[in-house]
Amino acid sequence: MLYHTKTISCPHCGHHQTIDIDASAGDQEYYDDCRICCNPMHLRLHLDEYQKKIELFVDSDNEQLY
């Protein structure tokens, strides 16, 4: 099944919220606003077909590399 519900925490305020994941389109990258602080969350979805698992990465997208 490629549809899941996952609880994540906002990288800005830490609030826990539930999101629906649709992995039927494979790897995805998108933004969603936090329901509490309204800051954008950067979500990256990776479908690992070899290990049969879905990896979800959530960050604030303002990390800088030096």
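What you are looking at is a predicted structure, and each value in this text was computed from that prediction instead of being measured.

Peer 1: Which residues make up the pairing of strand β2 (residues 16-22), and what values do they have?
Peer 2: The side-chain alternation of β2 yields one buried face, formed by Q17, I19 and I21, and one unburied face, formed by H16, T18, D20 and D22. Bridge count between strand β1 (residues 3-9) and β2: seven bridges; the pairing is antiparallel. Bridge pairing links T5 to D20 in β2.

Peer 1: Tell me about the pattern of salt bridges, and please be specific about residues and values.
Peer 2: When the charged atoms of two side chains with opposite charge come close together, those side chains can pair. In total, this model carries two salt bridges according to the counting rule given. Of the charged contacts in the structure, one is a salt bridge between D59 and R44, with a shortest N-O distance of 3.8 Å. You can see D59 sitting in strand β5 (residues 53-59) and its partner R44 sitting in strand β4 (residues 40-48), a full 15 residues away along the chain. Linking E55 and K53 is a salt bridge whose minimum nitrogen-to-oxygen distance equals 3.9 Å.

Basis of the calculations
- Residues numbered from 1 in each chain as written.
- Predicted model: local features only at pLDDT ≥ 70, side-chain atom pairs only at ≥ 80, totals over all residues.
- Heavy atoms only, no water.
- Buried < 20%, exposed > 50% of the residue type's maximum accessible area, 1.4 Å probe, protein only.
- Helix = DSSP H or I, 4+ residues; strand = E, 2+ residues; numbered from the N terminus.
- Pairing = 2+ DSSP bridges.
- Salt bridge = Lys/Arg side-chain N within 4 Å of Asp/Glu carboxyl O.

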